[in-house]
Amino acid sequence: MNDKSIESLLHEQRKFPPSDEFISAARLQPSAAEALYAEAAADHEAFWGRLAQQEIHWETPFTDILDASDAPNYRWFTDGHLNVSYNCLDIHLAERGDKAAIIFEGEGGDQRRLTYRELTDAVSQFANALQAQGVSAGDRVVIYMPMVPETVIAMQACARIGAIHSVVFGGFSASSLRDRIIDAGAKLLITADGGFRGGHVIELKAAADEALAEGCDTIETVIVLNRADCGVSMQDGRDIWWSDAIGGHTAICEPVAVDAEHPLFLLYTSGSTGKPKGIQHSSGGYLLNAKLSSQWIFDLHDDDIFWCTADVGWVTGHSYVAYGPLAAGATILMYEGAPTVPDGGRFWSICQRHGVTIFYTAPTAIRALMKFGDDIPAQYDLSKLRLLGTVGEPINPEAWMWYHEVIGGQRCPIVDTWWQTETGAIMISPLPGTTPTKPGSCTKALPGIDVDIVDEAGEPVTSPNEGGYIVIKKPWPSMLRTIWGDNDRYIETYWEKFQNRYYVAGDSAHRDTDGYIWMMGRIDDVLNVSGHRLGTMEVESALVAHDRVVESAVVGFPHDVKGEGIFAYVVLRGERPSGDEEPALVAELRGWVGQEIGAIAKPDQIRFTENLPKTRSGKIMRRLLRTIARGDEITQDTSTLENEAILDQLRGKG
Ligand code: WTA
């Protein structure tokens, strides 16, 4: 975030309390919220223990709430046994068997509706199919799918038999998929022939074949859903159609009870160094926070239609599509495609046609849709909406106000929810019937989540508006357990900075005089592009893998739709290109990064330079590169630059 936006947030004084009407119907009343805060403050462990008992069906009850003997590898509710899919599905059958669990709309307009009973049956049948393919508890299953109900079915089916899923976002490339399959040591891959997005067929099976062509020896079986009828090649003995895989299996599959600490899933996310890390989540603790946060923050009532627009390839799609709202017995909406097909009114048209009441999306989507103008949403009846949410990056007050006025008709509270892949569930957010909101602030931590902002020495910052590190001071049930296969990296990344005392999120923030938290962005070399995390090093290594590139440095710059854009400085082997050669090489490198990582990682800007600016000790001067990428005046000292003459090249003027 640049200084200007911090400035504007600091001056943001508007406050929006929930309406009396909203408060009176809220599931969590202000007095109850206050009681939860008090209970958590009085006895943190007992608080989570009581909720775990109340909210989860345990096959075998736990006796130990929190085991800190291997801290910071905390264990919650261990020795308790449960099944996550049972808690999301079977548990609702008696009362809500005929209630819609999933309402689906494809990009082409096709629609489906699955009741809780139908979803339970489909999950059970697919779980039987997985078992028949030799998958059992603890095996890893990679899911590389479009946003269709079968993706949730596949995830829930893994949970039903204790297999550990790792969903890879369908927009990632073959080589990203391959890296994740290898790291996870996956036995089975679930994919589709293709999916529809942005008016095109995204050919997932072709990418999967490319991934599997090299090094993925652990994969025994590939299950392929026919979604797009796009014609794929099937490898004998390895590939099987989804419809054939479930053929002959019943819709009864006894849920396998696992220890609360049994890994439910791995989800790979970018860090500041090296390859993406497999964030490992548990079964019991994860489910508890996913369910409770869905109830507390999204105020789910039985007649709500809840639409979280995130793809299941991201953590938001795990906690607020595939698990949390189902555990809470809600009806979720799933949409397969892009928000702009056939036009910028698609989201609002879906809200109107399906009567969406709660809508949760990313600031980047809000900003993109805002650009189409107010006339488009005005064509739709959005009166059913009663609560709005955002996630993924700080929301600028201008987008917040547009969301509030144009989409929410000034009547819907907005919950700006801060959390991470690592936290498993929302950590900081308004409680919609309780917390007055301020545009751009995610307000306060949830009950039982001990968030603080500390300085370099680990001491809480005391003066209002002083920035510091966001830390979480006590363990919480849905916290990541480790990085798959690399516990040292887990400790180093999240705990070492403050001697294992606090979880370090990697974000900076400040508090205002009301104690409201304002996020200020990452403190590491992680970019937030359209709400998605990308390590600068990841993009740099992709660039360097191209045979014309010797070295590169990647930084972020403010982008009015994506939040942050990617700016790459590139040093080539041989001469810098001239004339027409330059745009051609830029296009080639962008395409290359798209192939290496995925389209979201394509640099917005590429600048060729003969050297990177380095200090005499050889450190790349990233702050200088950021200043230039932003188009700001250079104020920092450049006298330590080894080669001051390259400044003009970096600025694109030499
Ligand atoms: C950022 C997404 C400001 C933050 C759930 C965090 C936010 C990273 C917000 C995690 C928010 C997420 N306000 N920043 N409401 N929500 N972030 O792992 O930098 O994809 O560390 O999880 O997104 O991204 P991740």
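Please refer to the structure placed before this passage.
The structure reproduced in this document is the subject of the present report. Source: prediction; values computed, not measured. (Residues numbered from 1 in each chain as written. Predicted model: local features only at pLDDT ≥ 70, side-chain atom pairs only at ≥ 80, totals over all residues. Heavy atoms only, no water.)

**Regarding the packing of aromatic side chains**
Each pair of aromatic rings is reported with the distance of its centres and the angle of its planes. A full pass over the atoms with the stated rule returns 36 aromatic pairs. Look at Phe169 and Trp314: their rings are 4.7 Å apart centre to centre, the planes differ by 40 degrees, and that puts the pair in the tilted class. With Phe169 in the loop between β7 (164-167) and α9 (174-184) and Trp314 in the loop between β16 (305-308) and α13 (315-327), the pair connects residues that are 145 residues apart, well separated along the chain. Judged by its relative accessible area of 16%, Phe169 is buried. With a centroid separation of 6.1 Å and 50 degrees between ring planes, the pair formed by Tyr490 and Tyr494 is classed as tilted. Of the two residues, Tyr490 and Tyr494 both sit in helix α18 (residues 487-494), four residues apart, roughly one turn of that helix. Comparing Tyr490 with Tyr494 shows no difference in burial state: the two are buried. Three or more aromatic residues joined by ring pairs make a cluster, and in this case those are Trp307, Tyr335, Phe347, Trp348, Phe359, Trp402 and Tyr403. Arg180 extends its terminal NZ or CZ atom over the ring of Phe172, reaching a point 4.5 Å from the ring centre. Here Lys438 stacks its cationic end above the ring of Tyr516, 4.5 Å away from the centre of that ring. (Phe/Tyr/Trp six-rings, centres within 6.5 Å; stacked < 30°, edge-to-face > 60°. Helix = DSSP H or I, 4+ residues; strand = E, 2+ residues; numbered from the N terminus. Buried < 20%, exposed > 50% of the residue type's maximum accessible area, 1.4 Å probe, protein only. Lys NZ or Arg CZ within 6 Å of the ring centre and 35° of its normal.)

**Some thoughts on the environment of Ala505**
Residue placement: Ala505 occurs in strand β24 (residues 503-511). Among all residues touching Ala505, those that are not within four sequence positions of it are Trp418, Gln420, Ile470 and Arg522. (Contact = heavy atoms within 4.5 Å.)

**Looking at the site of the ligand**
Within the structure, the ligand sits among 17 residues, and Asp416, Thr417, Thr421, Asp507 and Arg522 are positioned closest to it. A distance of 3.5 Å separates a nitrogen atom of the ligand from a polar atom in the backbone of Pro394. Surface burial for the ligand is 96%, taken as the share of its 530 Å² of free accessible area covered by protein chains. Counting residues per element, the ones that place at least two in the shell around the ligand are α13, β20 (414-417) and β25 (517-522). Considered class by class, the residues forming the shell around the ligand number six nonpolar, six polar and five charged. (Near = heavy atom within 4 Å. Polar contact = N/O pair within 3.5 Å; in protein donor to acceptor, adjacent residues only side chain to side chain. Areas by Shrake-Rupley, 256 points an atom, 1.4 Å probe, with all protein chains shown as cover. Nonpolar A, V, L, I, M, F, W, Y, C, P; charged D, E, K, R; others polar.)

**Points about the sheet that holds strand β21 (residues 451-454)**
In spatial order, the strands read β21-β22-β24-β25; together these four strands make up an open sheet with antiparallel pairing. Both outer strands of the open sheet, β21 and β25, are each paired with one neighbouring strand and no more. Averaged over all neighbouring strand pairs, the angle between strand axes comes to 45 degrees, with direction disregarded. The pairing of strand β22 (residues 468-472) with β24 spans four bridges and is classified as antiparallel. Opposite Ile472, over in β24, you have Tyr503 as the bridge partner. (Pairing = 2+ DSSP bridges. Axes fitted to C-alpha atoms, helices over the stretch in contact; angles between N-to-C directions.)

**Re the pattern of salt bridges**
Two side chains with opposite charge may pair up if their charged atoms get near one another. The tally for this structure, following the rule as stated, stands at 41 salt bridges. Salt-bridge contacts for Glu393 lead to Arg367; the nearest nitrogen and oxygen are separated by 3.0 Å. Residue Glu393 is found in the loop between β19 (387-391) and α17 (397-407), and its partner Arg367 is found in helix α15 (residues 363-370); the two are separated by 26 residues along the sequence. Taken as a pair, Glu393 and Arg367 share a single burial class, namely buried. (Salt bridge = Lys/Arg side-chain N within 4 Å of Asp/Glu carboxyl O.)

**Comments concerning the sheet that holds β20**
Strand order in the open sheet formed by seven strands is β5-β4-β17-β16-β18-β19-β20, with mixed pairing between adjacent strands. Two strands bound the open sheet, and with one partner strand each, they are β5 (111-115) and β20. The average undirected angle you get between the axes of adjacent strands in this sheet is 20 degrees.

**Details of the packing of helix α7 (residues 116-132) against helix α8 (residues 149-161)**
Taken N-terminus to C-terminus, the directions of α7 and α8 make an angle of 65 degrees; their axes are 8 Å apart at the nearest point. When you trace α7 past α8, the crossing you get is right-handed. Counting all contacts with α7, which are made through Leu119, Ala122, Val123, Ser124, Phe126, Ala127, Leu130 and Gln131, the residues of α8 involved are Ile153, Ala154, Gln156, Ala157, Cys158, Arg160 and Ile161. Each residue belonging to the contact of α7 with α8 can be placed in one class, and the counts come to 11 nonpolar, three polar and one charged. (Left-handed = near helix turned anticlockwise from the far one by under 90°.)

**With respect to the nonpolar core**
By size, the foremost hydrophobic cluster in this structure holds 160 residues, and its most contacted members are Phe126 and Trp296. Beyond its immediate stretch of four places on either side in the chain, Phe126 contacts Ile153, Ala154, Ala157, Ile190, Ile223, Trp242 and Ile246. Of all hydrophobic cores here, the second largest spans 28 residues; its members include Phe347, Ile366, Leu369 and Ile395. (Core = buried A, V, L, I, M, F, W, Y, C linked by side-chain atoms within 4.5 Å.)

**Quick notes on helix α3 (residues 30-42)**
The end-to-end C-alpha distance of α3, which contains 13 residues, comes to 18 Å, matching closely the 18 Å that a straight helix rising 1.5 Å per residue would cover. Residues Ala33, Leu36 and Ala40 constitute the buried set of α3. Each buried residue of α3 sits inside an arc of 55 degrees when the element is viewed along its axis, so together they form one side. Exposed and oriented more than 90 degrees from the buried face of α3 are Ser31, Glu34, Ala41 and Ala42. (Expected span 1.5 Å × (residues − 1). Arc of directions from axis to C-beta.)

**Notes on a negative patch on the surface**
Together, Asp183, Asp486, Asp488, Glu492 and Glu496 make up a region of like negative charge exposed at the surface. Here Glu492 shows up in helix α18. (Patch = residues over 30% accessible without salt bridge, like charges linked within 9 Å, V, L, I, M, F, W, Y side chains within 5 Å. Lys, Arg positive; Asp, Glu negative; His and termini not counted. Charge placed at Lys NZ, Arg CZ, Asp CG, Glu CD.)

**Some words on helix α19 (residues 536-544)**
Inspection of α19 places Thr536, Glu538, Val539, Glu540, Ala542 and Leu543 among the buried residues, and these make up the whole buried set. Residues of α19 that are buried in the fold lie against β26 (526-529), β27 (532-535), β28 (549-559), β29 (563-572), α20 (581-596) and α21 (622-630).

**Quick look at the pairing of β20**
Because side chains alternate across β20, one face comprises the buried residues Ile414 and Asp416, and the other comprises Val415 and Thr417, equally buried. Pairing of β19 with β20, which is carried by four bridges, proceeds in the parallel orientation. The residue of β20 that forms the bridge with Leu388 is Ile414. Considered for its hand, the β-α-β crossover made up of β19, α17 and β20 is right-handed. (Right-handed = clockwise from strand over helix to strand, strands pointing away.)

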